Amino acid sequence: MPPLLSIDLHNGVPAYRQIMDQIKLQIATGLLPPGSELPSTRALSADIALNPMTISKAYSLLERDGVLERRRGQTLIVRERPAEAQQTARLDPLRQQLTAAAHLAKQLDVPPAQAVKLFRELLDS
Amino acid sequence: MPSPALAPAPTAPAADTADASPVVLRSITQRFGKHTALSDVSLALPAGRIIGLLGRNGAGKTTLLHIAAGLLPPTSGACTTLGTPSGKLDTPQLTRLGLVQQEGRYLEWMTVRQHLDFNASFYPSWDRDLEKRLLEALELDPKRKIVQLSPGDRQKVGILLGTCHRPALLLLDEPISSLDPIVRRRLLDFLLELLRDDGTTVVISSHILNDVEKIVDWVVALEAGELVENSPFDLLQESYAEWTLTSAAGALPPSFAEPFVLQQQSNGHQAVLRVRTTDTEAAARLAAAHRAELRTRPLNLDEMFPLLTDQRRRRS
């Protein structure tokens, strides 16, 4: 199943970054298991109406990061990774979100203990 | 003969290799009477990209496109298009060039169909299938007479006439200003398709930044006839940002003197800075120096545009 990507072209985050983040997130959540094939640069470019340069940049950076690997010529697949790398990959997107939340907590002067309590409650709900 | 390492070659190498620059401008100046439309512009456009040509009204965008297409001999400087001096483009080279003018002049008495047939007769590479698909995508009725068309439909005629021969270099001057959002979207998709299928280099000038932002991967910006930007778009996205600093102690300075700060507002407790820097640590350092909380966000093209075009004034 090809990844469904939703790129916001006006939020100022380079599109190639958004593609990378979303593919990483889909791998972390198990939507894209190891071994899954990614669509070709051309196919994805047609699919999400993005410049092929943007897509090949995202792909080659993911390859460099060891997230994807090239098989039989051109096909890109999701790489099998050791358990600990998978764990970090799972934490990365969460860290991103929590950084913003932590910033807001400080601005609102919410005591850390109370912020942590709130997070726990949300996890349990 | 001077050494080639010391003297720049007078003409660019043949542009038939994939990565050769399709348009090279060397110290181009264009004057119209006392008015200077372009002032000492030198740049080489990258091949196989969609290049956004940005600038305010009168910045020189149309002049630049006209010089590149060989319509206008520059007052001074040299322009090489598809490997040939742009004033000397011959028939085979002209067939590899597509130009969509802002207000194209057409053979008004013809129907759209007749005009397409007329132009097709000049181009061996005219693609009838592409023509048919474009007529449908742009919702243009080929039976109508040119003279009766609305400005939007005239723009569509220009797009068809400029692209159906599958040019290697496509220059579009404000091609989307009169198109509705649905048709505009289809045109942009189509430009991406040309790039994917043929590796066409597309140069598109536009004020509708929200739209061109979707497809451009390179930005050339002009301000009052001067080149102020010539960079990959994602590099710009990664260097322009808005930083919000918040100081509980209210100890922020009324203004920040750092050279990368382009615009700022500060009331002591909070400062909102628009910056340009590729130094990823700079934001954290500034925040730490002022014991402030920091939030950063990237800027979109609409927000970047005034900063891009303002660079000249800041430098001088």
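Treat the numbers as computed from the prediction; the structure is a model and nothing was measured. (Residues numbered from 1 in each chain as written. Chains lettered and ligands numbered in written order. Predicted model: local features only at pLDDT ≥ 70, side-chain atom pairs only at ≥ 80, totals over all residues. Heavy atoms only, no water.)

### Considering the overall build of chain A
Item 1. Tallying secondary structure elements over chain A gives five helices and two strands in all.
Item 2. Reading the helices (α) and strands (β) of chain A from amino to carboxyl end gives α-α-α-β-β-α-α.
Item 3. Its C-alpha radius of gyration of 17 Å places chain A more than 25% over the 14 Å reference for a compact globule of 125 residues.
Item 4. Dimensions of chain A along its principal axes, counting C-alpha atoms only, are 55 × 35 × 25 Å.
Item 5. Here chain A holds 125 residues, and the buried ones make up 33% of them.
Item 6. By sequence separation, contacts in chain A at least 24 residues apart represent 50% of the contacts at least 6 residues apart.
Item 7. When the accessible area of chain A is evaluated, it comes to approximately 7,800 Å², of which 57% is carbon and sulfur surface.
Item 8. In chain A, 15 positive and 13 negative side-chain charges are present, and the distance between their average locations comes to 4 Å. (Helix = DSSP H or I, 4+ residues; strand = E, 2+ residues; numbered from the N terminus. Rg over C-alpha atoms; globule rule 2.2 N^0.38 Å. Buried < 20%, exposed > 50% of the residue type's maximum accessible area, 1.4 Å probe, protein only. Contact = heavy atoms within 4.5 Å. Areas by Shrake-Rupley, 256 points an atom, 1.4 Å probe, with all protein chains shown as cover. Lys, Arg positive; Asp, Glu negative; His and termini not counted. Charge placed at Lys NZ, Arg CZ, Asp CG, Glu CD.)

### Here we look at the overall build of chain B
Item 1. For chain B, the helix and strand inventory stands at 11 helices and 14 strands.
Item 2. A principal-axis box enclosing the C-alpha atoms of chain B has dimensions of 75 × 55 × 40 Å.
Item 3. Out of the 316 residues in chain B, the part that is buried amounts to 52%.
Item 4. Total accessible area on chain B stands at roughly 14,600 Å², and carbon and sulfur atoms take up 53% of it.

### Here's the deal with helix H10 (residues 301-309) of chain B
Item 1. Within H10(B), seven of the nine residues are buried, leaving the element largely enclosed by the surrounding structure.
Item 2. For H10(B), the full list of buried residues reads Leu301(B), Glu303(B), Met304(B), Phe305(B), Leu307(B), Leu308(B) and Thr309(B).

### Remarks on the interface of chain B and chain A
Item 1. Contact residues are listed per partner, giving 27 residues for chain B and 21 residues for chain A.
Item 2. Where chain B abuts chain A, roughly 1,900 Å² becomes buried across the two surfaces, and 49% of that area is made up of carbon and sulfur atoms.
Item 3. In terms of surface lost to chain A, no three residues of chain B exceed Arg196(B), Lys214(B) and Glu293(B), which account for 28% of the buried area on that side.
Item 4. The tally of links from chain B across to chain A stands at four salt bridges.
Item 5. Across the pair Glu238(B) and Arg17(A) runs a salt bridge whose closest N-O atoms are separated by 3.8 Å.
Item 6. Joining chain B to chain A, the criterion identifies 12 residue pairs in polar contact (both at pLDDT 80 or more).
Item 7. No other element matches helix H6 (residues 181-198) of chain B, which puts six residues into the side of chain B that touches chain A. (Buried area = accessible area lost by both parts, 1.4 Å probe. Salt bridge = Lys/Arg side-chain N within 4 Å of Asp/Glu carboxyl O. Polar contact = N/O pair within 3.5 Å; in protein donor to acceptor, adjacent residues only side chain to side chain.)

### Remarks on the sheet that holds strand E9 (residues 218-223) of chain B
The pairing of strands in a sheet happens through backbone hydrogen bonds and is either parallel or antiparallel.
Residues and elements named next belong to chain B.
Item 1. Judged by pairing direction, the sheet is mixed, and its six strands sit side by side in the order E6-E7-E8-E3-E9-E10 without closing on themselves. Two strands close off the open sheet at either side, each with one partner strand: strand E6 (97-100) and strand E10 (226-232). When the angles between neighbouring strand axes are averaged without regard to direction, this sheet yields 15°.
Item 2. Relative to strand E7 (residues 169-173), E6 runs parallel, the two being bridged by four bridges. Paired with Leu99 across the two strands is Leu171, which belongs to E7.
Item 3. Across the sheet, helix H5 (residues 151-163) lies against E6 and E7, angled at about 175° from E6, the strand it touches most. (Pairing = 2+ DSSP bridges. Axes fitted to C-alpha atoms, helices over the stretch in contact; angles between N-to-C directions.)

### Some points on the domain arrangement of chain B
All names here are of chain B.
Item 1. Each assigned domain of chain B is listed here: domain 1 (15-233) and domain 2 (236-315).
Item 2. Taken residue by residue, the interface counts 18 residues in domain 1 and 15 residues in domain 2.
Item 3. Interface area, domain 1 with domain 2, both sides summed: about 1,500 Å², of which 59% is carbon and sulfur.
Item 4. Contact with domain 2 buries area across many residues of domain 1, yet Leu209, Val228 and Phe233 alone supply 36% of it, more than any other trio.
Item 5. Summed over the shared surface of domain 1 and domain 2, the number is one salt bridge.
Item 6. With a closest N to O distance of 2.9 Å, Arg276 and Glu229 form a salt bridge.
Item 7. Scanning the region where domain 1 abuts domain 2 turns up five residue pairs in polar contact (both at pLDDT 80 or more).
Item 8. Counting only elements with at least two residues in the side of domain 1 that touches domain 2, the list comes to helix H7 (209-212), E9 and E10. (Domains from an automatic or database assignment.)

### Describing the packing of helix H1 (residues 15-28) of chain A against helix H3 (residues 52-64) of chain A
All names here are of chain A.
Item 1. For the pair H1 and H3, interaxial distance at closest approach is 8 Å and the crossing angle is 50°. Viewed along their axes, H1 and H3 adopt a mutual orientation that is oblique. Between H1 and H3 lies a crossing of right-handed hand. Touching Ala15, Tyr16, Ile19, Met20, Ile23 and Lys24 of H1 are Thr54, Ile55, Lys57, Ala58, Tyr59, Leu61 and Leu62, all from H3.
Item 2. Among the residues forming the contact of H1 with H3, the class breakdown is 10 nonpolar, one polar and two charged. (Parallel < 35°, antiparallel > 145°, perpendicular 65-115°, else oblique. Left-handed = near helix turned anticlockwise from the far one by under 90°. Nonpolar A, V, L, I, M, F, W, Y, C, P; charged D, E, K, R; others polar.)

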